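# Coordinate analysis (summary)
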Amino acid sequence: GPPRRGGAPPAEATACGRCKVCRSNALAATELPFSTRHKPRAAAKASTLKPLRGVRRDEPCPRLEVIAEARKGHVGANLALLGQRAVGKRVRIHWANERDCFKGTVSGFDPETWLHSLEYDDGDVEPAIRLWREVCHLGVPEDTRADEENATREAKRRKVAETEIAEAKKQLEAAEAERDRLELSREMADDDEADDDEADDKADDEASPAASPAADAGGSSVPTTPAQTMTTRSVKELCQLRMSMSSAGILGVGPGAGTGG
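Values in this document were obtained by computation on a predicted structure and should not be read as measured data.

### Digging into the overall build of the protein
Looking only at helices and strands, the protein features five helices and five strands. Starting at the N terminus and ending at the C terminus, the protein contains elements arranged as α-α-α-β-β-β-β-β-α-α. The buried share among the 261 residues of the protein stands at 15%. Across the protein, contacts joining residues at least 24 apart in sequence account for 46% of those joining residues at least 6 apart. Carbon together with sulfur atoms contributes 54% to the accessible area of the protein, which is approximately 20,300 Å² in total.

### Brief notes about the sheet that holds strand 1 (residues 90–95)
Taken in spatial order, the five strands make up an open sheet running 4-3-2-1-5, and their pairing is antiparallel. Either end of the sheet is taken by a strand with one partner, and the two such strands are strand 4 (125–129) and strand 5 (136–138). Neighbouring strand axes in the sheet, compared pairwise and without regard to direction, differ in orientation by 35° on average. Sheet analysis places strand 2 (residues 100–110) next to strand 3 (residues 115–120), joined by six bridges and oriented antiparallel. The residue of strand 3 that forms the bridge with Gly108 is Ser117.

### Description of the layout of surface pockets
Empty space within the largest pocket amounts to approximately 340 Å³. Looking at the largest pocket, it is lined by 16 residues, and the ones nearest its centre are Val21, Glu59, Pro60, Pro62 and Arg130. Those elements giving two or more residues to the lining of the largest pocket turn out to be helix 1 (20–29) and helix 2 (62–71). By residue class, the composition of the lining of the largest pocket is seven nonpolar, two polar and seven charged.

### Examining helix 1
Every buried residue belonging to helix 1 is among Val21, Cys22, Ser24 and Ala28, and all of these are buried. For helix 1, the angular spread of buried residues about the axis comes to 165°, placing them on one side. Where helix 1 is buried, its residues touch helix 2.

### Details of the environment of Ser107
Relative to the elements of secondary structure, Ser107 occurs in strand 2. Relative accessible area serves as the criterion here: at 32%, Ser107 is assigned to the partly exposed category. Each C-alpha atom, one on Ser107 and one on Ala86, is 8.5 Å from the other, the two residues being 21 residues apart in sequence. If we skip the residues at most four places from it in the chain, Ser107 touches Val87, Ser117, Leu118 and Glu119.

### Details of the pairing of strand 4
Relative to strand 4, strand 3 is paired through three bridges, and the arrangement is antiparallel. Residue pairing for strand 4: His116 is matched across the bridge by Ile129. The hairpin formed by strand 3 and strand 4 contains four residues between the paired strands, and Gly123 there has a positive phi angle of roughly 105°.

### Describing helix 2
Along helix 2, the positions that sit buried rather than exposed are Pro62, Val66, Ile67 and Ala70. The buried side chains of helix 2 occupy one side of the element, clustering within an arc of 135° when seen end-on. Where helix 2 is buried, its residues contact helix 1 and helix 3 (75–81). Gly73 sits one or two residues past helix 2 and shows a positive phi near 95°.

Definitions and cut-offs
Residues numbered from 1 in each chain as written. Predicted model: local features only at pLDDT ≥ 70, side-chain atom pairs only at ≥ 80, totals over all residues. Heavy atoms only, no water. Helix = DSSP H or I, 4+ residues; strand = E, 2+ residues; numbered from the N terminus. Buried < 20%, exposed > 50% of the residue type's maximum accessible area, 1.4 Å probe, protein only. Contact = heavy atoms within 4.5 Å. Areas by Shrake-Rupley, 256 points an atom, 1.4 Å probe, with all protein chains shown as cover. Pairing = 2+ DSSP bridges. Axes fitted to C-alpha atoms, helices over the stretch in contact; angles between N-to-C directions. 1 Å grid on protein atoms, 1.4 Å probe; cavity = no way out; pocket = protein on both sides within 12 Å on 5 of 7 lines; lining within 4 Å. Points joined across faces, edges and corners; volume = space filled by probe spheres on them. Nonpolar A, V, L, I, M, F, W, Y, C, P; charged D, E, K, R; others polar. Arc of directions from axis to C-beta.

In structure tokens, the structure reads:
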């Protein structure tokens, strides 16, 4: 790695000796002695114990990879080197497929695999994560203040939305009440009009029998108009005038009408 500020090179990275890979490598390196009853041949090789299940033979200790990444300045690798002391740290993990960073808290550490568990703020849980292979950012007090400001802003926005919803419900209820009132008024008006029509029909029915006897007395059921009445009166008057003139000898109809010269 690059030399330190003092000029001395960094110490050589060593395996942890406690993880599952180190224990598996130790088993694979343990030679089994030959039986005392047999003389080993020169070409015979000493057998060893089998490695642990799930670990490849000669697989390097994960701590060596973590140290190599930490020396490059990787934030997640430096956090992973803390081991159990990293529990409780606030981090932001970048998800490439989501194109966004998600906040969470380191909740556990497994010394056998150097894997940490992570609880996200949205409720998701990452049971095993290699921090040295993730784009990781450490949480700072500014993030906490920003979270509090965002929470306050979100609470205000939610309160305003609830107020607007309540006001919209009131307006809707008022509109429905006004609509019901108008429908009731319209129904009452229709009922009044129907009652008036029924009263008019009843009055017409009552007036019709009173007019029928007069029509029967005249011998005709056809009503007499004012014009017909005036014509009949004029004919009677003309007849009376002719009779008067005849009696006076004006028309030549009288005692001396036939002998006049």
